[in-house]
Structures are given as structure tokens and as C-alpha cells.
Amino acid sequence: MSGTFGGRGRRQGRLSQWLLGRSPGEAAPDDDGRAALLLAAAEAGLPMAPAAHPAPGYGCSCDRVGCPTPARHPVSFAWQTQSTTDRVQIERWARHQPQANFITATGMTHDVLDVPLEAGREALERLLANGVDVGPVAESDDGRMLFFTLTRGTPEDEDEWWPCELDCRPETMDEHPGLRWHCRGSYVLVPPARLPGDDGPRVRWTRGPEHPLPDPLTLLESLTDACARHAGEESDPADATWPVRR
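Residues numbered from 1 in each chain as written. Predicted model: local features only at pLDDT ≥ 70, side-chain atom pairs only at ≥ 80, totals over all residues. Heavy atoms only, no water.

## Here's the deal with the overall build of the protein chain
- When you go through the protein chain residue by residue, the secondary structure sums to six helices and twelve strands.
- The burial tally for the protein chain puts 46% of its 246 residues in the buried class.
- Long-range pairs, those at least 24 residues apart, make up 74% of the contacts in the protein chain with a sequence separation of at least 6. (Helix = DSSP H or I, 4+ residues; strand = E, 2+ residues; numbered from the N terminus. Buried < 20%, exposed > 50% of the residue type's maximum accessible area, 1.4 Å probe, protein only. Contact = heavy atoms within 4.5 Å.)

## Some words on the nonpolar core
- If you look at the biggest cluster of nonpolar residues, it comprises 27 residues, and the most contacted ones within it are Met48, Phe148 and Val190.
- If you list the elements that add at least two residues to this core, you get helix H2 (34–43), strand S1 (48–51), helix H4 (87–96), strand S4 (101–105), strand S7 (144–150), strand S10 (187–190) and strand S12 (202–207).
- When near neighbours in sequence (up to four residues on either side) are disregarded, Val190 contacts Leu38, Ala41, Leu46, Met48, Phe102, Ile103, Thr104 and Trp205.
- With 19 residues, the next largest nonpolar core counts Ala123, Val137, Met145 and Ala226 among its residues. (Core = buried A, V, L, I, M, F, W, Y, C linked by side-chain atoms within 4.5 Å.)

## Considerations on the packing of H2 against H4
- Between H2 and H4, whose axes approach to 10 Å, the crossing angle comes to 150 degrees. In terms of their interaxial angle, H2 and H4 are classed as roughly antiparallel. Of the two possible hands of crossing, H2 and H4 adopt the one that is right-handed. Contacts between H2 and H4 involve Arg34, Leu38, Leu39 and Ala42 from the former and Arg87, Ile90, Glu91 and Ala94 from the latter. (Axes fitted to C-alpha atoms, helices over the stretch in contact; angles between N-to-C directions. Parallel < 35°, antiparallel > 145°, perpendicular 65-115°, else oblique. Left-handed = near helix turned anticlockwise from the far one by under 90°.)

## Here we look at the sheet that holds S10
- On the basis of which strands lie adjacent, the open sheet formed by three strands has the order S1-S4-S10 and antiparallel pairing. Every other strand in the sheet has two partners, leaving S1 and S10 as the edge strands with one partner each. On average, adjacent strands in this sheet sit at an angle of 40 degrees to one another, irrespective of strand direction.
- Contacting S1, S4 and S10, H2 runs over the sheet at an angle of about 145 degrees to S1. (Pairing = 2+ DSSP bridges.)

## Observations concerning the packing of aromatic side chains
- Counted according to the given criterion, the structure contains three aromatic pairs.
- Relative to Trp205, the ring of Phe148 has its centre 5.2 Å away and its plane inclined at 55 degrees; by these criteria the two rings are tilted. One end of the pair, Phe148, is in strand S7; the other, Trp205, is in strand S12, with 57 residues separating them in the sequence. Considered together, Phe148 and Trp205 belong to a single accessibility category, that of buried residues. (Phe/Tyr/Trp six-rings, centres within 6.5 Å; stacked < 30°, edge-to-face > 60°.)

## Examining the packing of helix H5 (residues 117–129) against helix H6 (residues 217–230)
- Closest axis-to-axis distance for the H5/H6 pair is 8 Å, and the angle between their directions is 135 degrees. Taken together, the axes of H5 and H6 are oblique relative to one another. Crossing of H5 over H6 shows right-handed handedness. Together, Glu118, Ala119, Glu122, Ala123, Arg126 and Leu127 of H5 and Thr218, Leu219, Ser222, Leu223, Ala226, Cys227, Arg229 and His230 of H6 make up the contact between the two elements.
- Taken together, the residues that form the contact of H5 with H6 break down as seven nonpolar, three polar and four charged. (Nonpolar A, V, L, I, M, F, W, Y, C, P; charged D, E, K, R; others polar.)

## Details of the pattern of salt bridges
- Applying the stated rule across the entire model yields eight salt bridges.
- Linking Arg144 and Asp114 is a salt bridge whose minimum nitrogen-to-oxygen distance equals 2.7 Å. One end of the pair, Arg144, is in strand S7; the other, Asp114, is in strand S5 (residues 110–116), with 30 residues separating them in the sequence.
- Between Arg121 and Glu139 there is a salt bridge whose closest N-O contact spans 2.9 Å. Of this pair, Arg121 sits in helix H5 while Glu139 sits in strand S6 (residues 137–140), placing them 18 residues apart in sequence.
- Overall, Arg121 belongs to the partly exposed group, its relative accessible area being 37%.
- You can call Glu139 buried: its relative accessible area is 13%. (Salt bridge = Lys/Arg side-chain N within 4 Å of Asp/Glu carboxyl O.)

## A word on H5
- For H5, which comprises 13 residues, the first-to-last C-alpha distance of 18 Å matches the rise-based estimate of 18 Å (1.5 Å per residue) to within 8%.
- Taken as a whole, H5 has its buried residues at Leu117, Ala119, Gly120, Ala123, Leu124 and Leu127. Seen end-on, H5 carries its buried residues on one side only, within an arc spanning 150 degrees. Residues of H5 that are exposed and angled more than 90 degrees away from the buried face: Glu125 and Ala129.
- In this structure, the buried residues of H5 make contact with S5, S6, S7, S12 and H6.
- Downstream of H5 by one or two residues, Gly131 has phi in the positive range, about 75 degrees. (Expected span 1.5 Å × (residues − 1). Arc of directions from axis to C-beta.)

Worth remembering: the numbers are spatial, not functional.
Next up, the structure:
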């Protein structure tokens, strides 16, 4: 993920600045309750790890030339084992990496159903009107809405894993322009997060992490229907992609 640096000393210096989440002379952002929001997410059981942040223009703090997911990826290749809900560790990261975004690793305690923003808003309004316990919801200024749910689980017997055509990993994001199901091996940005752009786009909570995580199947049909309508397609619940056991 890192760029190519000239000389060992220079490489170590640049890497240290990258892991700290800021460039030389770059000021820390206003707090905006950032630490409190991160700790609230951790208390809700969302395991987190530090992520990259926007660089000037539309760049990424990782300095990777042509970074495909600027400010949206972890800073460590060990993000799955690094992710934690430990309050002390998260406070330490937030203090020492004041520019960093944070990701939450899915498939451990929670999954995320990730849909186009307008479809998500339509589904959210309908679900709440029907009295469904929706749980935490975030939206991003790049046009997505994230519904946080209980995970489908990680059974000891791999044959019992629930495969689903909607499963999304970071490297398959472009293959799922409609509904994405982030589960084991994936991650999403956790609010508050900043995205690249001149107007300071962000990821923020629509419904906070204090709401209990729902069963994903209570949301799935409404989300698939809304995504189909959003795409201008005729929605048929019989055509929805449901998780099945092998």
C-alpha cells in the first residue's frame, strides 16, 4: 500500500507519518465529538481499526500512486486481527492519529447492507413506518447508505457457511453497484469519516449505534425492492437473492 521511497531513513520517516495519519505540518481536524462517536460505536460492539484519510486534492494519505479507494481503506494489512472494541486502544489511536478515518470489520459481530443513498432513504422511511427495528444506519456523501445488522455468523464448520451472491469484499465493490452485503472479510468506514473532495464530504450517522442490531433478513426484502425501483427495474420478491445453506 505504501509508495516507493528513496533510502531506508526516508522510507521509515514517511511510513511513520502515514501510520500516524498525517503529513508533516498538517494540523489535526476539529474534534466534532469524534472520539465520543468512535467510543459509542465500540461500545455497541463494532470492532474498529485505523484507516487512511484524505490528502490534498482527491488523494489518499497512504501515498500510493493511483490509490483505488482513497481514504476508505485500513492503514494496516493486519486490520482483521487489529480490529477491536477496546476503549483504551481506540482512545489511543484517536489521540495519536487525529486525521485518521476508522473502518469497522464486518462478519465478526455485525454485517452491513450497503445500498444507493436514495434507495436506502426510501427503504428506511418504509421500514420505520411499518414499525421495523432498523438499527444503526449511516450515510455517506458519495451516495451510499449503510444498514448495520447482526452478522450471519462464522460457524466452526465451513460447510455451514451461508453463501450469498450479494457478498461484497473491498476488492469486489465495483461488482455490486446495487445492494452489497458486507460480511466476513470485508469492512466499511465507521462515522465520523471524511472522504476526498473539495467540499469536505463525510460519512455520518443517520441513526446512531445506540440502536440494537437487527436480523439482516428483516431488512433485506425492503432494501432489494427499493434498489430495484431505484434502478428502474420491476421488483419481484421471488427474484431477490436470499442466503441459503449448503
